[in-house]
Amino acid sequence: MSQDIFETIEKDHNKHREMLDALENTSGDTERRRELFEAFTKDVKSHAAAEEQALYSKMLKKPDTTDETRHSVAEHQELDEALNDLAATDMASSAWLTKFKQLAEEYRHHIVEEEDDHFPNFKDNLSDEDRESLGAKFEKRKEIEKAEAEVTPVAMEDAKH
């Protein structure tokens, strides 16, 4: 039996919070930082893609949730660009840590906003059956997306051209 989509997403969010905490406790260009960053990047990118395909595609069709959904999708794009920029930055530099702290702050804000503001409204627009079937769809998509996810080093200034 599949989990409710919101429970599944929030479980991922909690894992991402733990990964951010772990990354914050690393320093320099170390194997541990590289491994954690790669795992975090692949998990977040696959999570965002699955969330868009499973949940947001459904919520875009509902007038009460269209604006919130578009907002979250835009934040996913910003997160993807920030992850790519961070991957292109020397891990031993102070610039990496500065960019990481900014990304961590923005991502934590994003997941709190989803959980506290968007999801309650989304829940009001979905049946229990919808929530379960979307949970199954999310899990399946995330698995596929994660198998294809990559760390893509692209500096922010290069991405805008």
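Residues numbered from 1 in each chain as written. Predicted model: local features only at pLDDT ≥ 70, side-chain atom pairs only at ≥ 80, totals over all residues. Heavy atoms only, no water.

(A) Up close: the nonpolar core. In this structure, Phe 40 and Leu 103 are the most contacted members of the largest nonpolar core, which totals 18 residues. In terms of residue count, helix 4 (residues 94-124) provides more of this core than any other element does, six residues in total. (Core = buried A, V, L, I, M, F, W, Y, C linked by side-chain atoms within 4.5 Å. Buried < 20%, exposed > 50% of the residue type's maximum accessible area, 1.4 Å probe, protein only. Helix = DSSP H or I, 4+ residues; strand = E, 2+ residues; numbered from the N terminus.)

(B) Fine view of the environment of Glu 113. Structurally, the position occupied by Glu 113 is in helix 4. As a C-alpha pair, Glu 113 and Lys 146 span 33 residues in sequence and 24 Å in three-dimensional space. In contact with Glu 113, other than residues within four places in its own chain, are His 71, Glu 75 and His 118. A polar atom in the side chain of Glu 113 sits 2.9 Å from the side chain of His 71. (Contact = heavy atoms within 4.5 Å. Polar contact = N/O pair within 3.5 Å; in protein donor to acceptor, adjacent residues only side chain to side chain.)

(C) Region of the structure containing the packing of helix 1 (residues 5-24) against helix 5 (residues 128-148). Contact geometry of helix 1 with helix 5 gives a least axis separation of 7 Å together with a crossing angle of 40 degrees. With respect to helix 5, the element helix 1 is oriented oblique. Mapping the contact onto sequence places Ile 5, Phe 6, Thr 8, Ile 9, Asp 12 and Lys 15 in helix 1 and Arg 131, Leu 134, Gly 135, Phe 138, Glu 139, Lys 142 and Lys 146 in helix 5. (Axes fitted to C-alpha atoms, helices over the stretch in contact; angles between N-to-C directions. Parallel < 35°, antiparallel > 145°, perpendicular 65-115°, else oblique.)

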